Every structure is written in structure tokens, then in C-alpha cells.
Amino acid sequence: MPRRIDRVVVIDTHTGGEPTRVVVSGGPNLGRGTLAERLARFRDQHDTFRSAVVNEPRGSDVMVGALLCEPSDASCATGMIFFNNVGYLGMCGHGTIGVAVALAHLGRISTGMHRFETPVGVIAVTLETENRVSLDNVPSYRSMRDVVVSVPGLGRISGDVAWGGNWFFLVHEHQETISLANAERLTEVSWTIRHALNEAGIRGDDGGEIDHIELYGPSTVPGAHSKNFVLCPGKAYDRSPCGTGTSAKLACLLSDGTIGEGEIWRQESLVGSIFEGSARIVDGEIIPTIKGTAYVNAESTLILDSDDPFASGIRV
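As a starting point, this report considers the structure included with it. These numbers come from a predicted model, not from an experiment. Once a new chain begins, its residue numbering starts again from 1 and follows that chain's sequence as written. Given that this is a predicted model, residues contribute local features only at a pLDDT of at least 70 and side-chain atom pairs are listed and counted only at 80 or more, while totals for whole chains, interfaces and linings are drawn from all residues. Hydrogen atoms and water are omitted, and side-chain values are computed over all heavy atoms in the structure.

### So, the pairing of strand 8 (residues 132-136)
Working step 1: Here a strand pair is declared whenever DSSP counts at least two bridges between the two strands. The way it works is that DSSP assigns letters per residue, a run of H or I at least four long becomes a helix, a run of E at least two long becomes a strand, and they are numbered from the N terminus. Of the strand pairs in this sheet, strand 7 (residues 121-127) and strand 8 are connected by 4 bridges, and their pairing is antiparallel. Bridge pairing in strand 8 links threonine 126 to serine 134.
Working step 2: In this structure, strand 8 lies alongside strand 16 (residues 285-305), joined through 5 bridges in antiparallel fashion. Looking across to strand 16, one finds that serine 134 is bridged to lysine 291.

Here it is, written out as C-alpha cells:
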């Protein structure tokens, strides 16, 4: 076959230390339909593109990709499909903040409120400055409270199963120290908990896999309420406080009466970055609001050379 060179234009950002690679052009043609339908098409027909963009040698395990798409809802400024080193995400809070800052950098949006379409629903995004963004996430809720699972080497671990755009197990009783120096231990503990949940058949609603594990404890930053460690599906930890995880946490806090509607909750990440969160009830559903900052790291063109044995990335 003749040699083929494909070029993919991307904007790299980070939100609280967590990278997002925004695909501006050169992505696959996913056709028409809802974002959920196009995500399925992406996964089934173009998964090599996902791997090429975010896996080594161009990316890393921690990289999250965001493919910009024409929205099916004409009121939206953009559609976006998020993906990582092992698959696809329904929603990504830090990624949404990164997309908004990237679009502002490109001159495609200005300060003010915009609607972005995702595979799990439409969200409202407010660009407050060129780097600061708040978003109203999809409705979030706790599915199960105080779930106990037997974890090899750890004993009985309890937590809440909650939805914030992805499924989370929020571990509120553990013996671990939430610190960057302890990241390797936290990764192994969280990975073991995830496998124990799968083995026990504990899942989210409609059989959704619980693919995010969050451990939390006291904050080390003045004014923050909690510090978390979030393990993402591909075994990389979130450098940001995790937008969907903070949304799931806010839903639990509001349901318990620990916070009131509109009350600010400051969530610290493992690396010390902060998201400000709050929640309100709209038509009987909990709507979390997450606020954070992102910065543009790079404007670049990825080159996918058909002669390159790793053009599609290094895949496990």
C-alpha cells in the first residue's frame, strides 16, 4: 500500500495539572446522530485514532482527549467526545474546562455562557475569563449509600456509588494518607478496590461499570474542605480534583444535608489544585456547578505516518 500521512491539529491544555488534548481538525468522520451514537461509532470503527492521539509515543496514560464535533443540538457551541488511554468517557469536567479555554484561545467563543453537547447530555459552560471556567454538569446523584465490599489485603471497605457523568465509588473509610508522595500506594489500593467491586458484581444503574475510584480525606490547603485521590479507568490518577468526581461528591453532600444549595465546597486534588463546587436542585434533580482554571500548553500538529509501526500508539 502507498505511504499515507495524516495530520491532526490539536490544542493541549491542562486543568489543575490534568492534561486535555483537544482535537481541532483531522479527526474521523463520525457522521450524523446524537453524540452517544457518534461515540459508539468512534469506539467501534475508529478506535485506532483514539490510541494514536493519547497513547504513547505521542501521549501518555494520564492524557485525556477531546474530539470536537458538530453538535446535534443547534443551541450548542460545540459537541465533544472524551477519550483516554483505554476507552471513552461519558463526561469529563476538567476536559470541559480545557475545551472552553482552547475554544477561547482559538477565538471561537468569548466570555459568557455557552452550551456544550456531550454523549450524556447538554451542559452549560460559562467562560468567566480566558482561563477561568464554570460549568453546570449533568444531573448527579447517589445510587447506593454505605456499600461494603471485601477487598483482598484491605478487608471490608465501605463507600457510596454515585453518578457525576461517570460512575464513582467514593471511599469514605480507609487507612491511606492522601498525599502525592503516596501516589503509588493509593493507585494500587484503588485499583484493588475497583477489581473487588467488579468481582462482587457491584455496579452503577443499568449495569454501568464503576470505573472511577475516589478516596478522600482532610485537605492540606487553607480554605479547602477535602482532598481527594481519583483513579481513572486506565489506572492513571487525576491530577485535577476531578470534575465528575466532585459532582458525584456534591450530590452525596447535598443529599445528606452536609452542604446547602449554593454553598461552596472547595475540593483539593492530589497535586494541590482546587475546584470550587456547589449544587442546587432543579426539577427534583441535583445539578452540580464546578469552577476551575485551565491554561493552553501547546498548539501542534500530530503526524500519523502509515510507515510508522507505532502510528496507532502503543496499546496494551
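On we go from here.
### What to know about unusual backbone geometry
Working step 1: Cis geometry is adopted by the peptide bond preceding proline 57, which originates at glutamate 56 and carries an omega value of 10°.
Working step 2: With respect to the secondary-structure elements, proline 57 resides in the loop between helix 2 (47-54) and strand 3 (64-69).
Working step 3: Positive phi outside glycine occurs at aspartate 206, with the angle close to 55°.
Working step 4: Among the structural elements, aspartate 206 can be located in the loop between helix 4 (183-199) and strand 12 (212-217).
Working step 5: With a 1.4 Å probe rolled over the protein chains alone, any residue whose accessible area is under 20% of its type maximum counts as buried; one over 50% counts as exposed, and the rest are partly exposed. Overall, the relative accessible area of 87% leaves aspartate 206 in the exposed class.
Working step 6: Not every positive phi belongs to a glycine, and cysteine 242 is a case in point at roughly 75°.
Working step 7: Checked against the element boundaries, cysteine 242 lands in the loop between strand 13 (226-231) and helix 5 (243-256).
Working step 8: Accessibility expressed as a relative area gives 4% for cysteine 242, which makes it buried.

### Some thoughts on the nonpolar core
Working step 1: Residues Val99, Phe116, Phe169 and Ile193 are the most contacted members of the largest nonpolar core, which totals 60 residues.
Working step 2: Only buried residues count toward a nonpolar core. Its members are Ala, Val, Leu, Ile, Met, Phe, Trp, Tyr and Cys residues joined through side-chain atoms within 4.5 Å. With 19 residues, the next largest nonpolar core counts Val8, Val23, Ile81 and Phe83 among its residues.

### A word on the packing of helix 1 (residues 35-45) against helix 2
Working step 1: Running from amino to carboxyl end, helix 1 crosses helix 2 at an angle of 85°, the nearest separation of the two axes being 5 Å. With respect to their mutual orientation, helix 1 and helix 2 come out roughly perpendicular. Two secondary-structure elements touch here, helix 1 through Phe42, Arg43 and Gln45 and helix 2 through Asp47, Phe49 and Arg50. For helices, the fitted line uses only the C-alpha atoms of the stretch in contact; every axis is such a line through C-alpha atoms, and the angle between N-to-C directions lies from 0 to 180 degrees. An angle counts as roughly parallel when it lies under 35 degrees, as roughly antiparallel when it exceeds 145, as roughly perpendicular when it falls between 65 and 115, and as oblique in every other case. Contact definition: two residues touch when any of their heavy atoms are within 4.5 Å.

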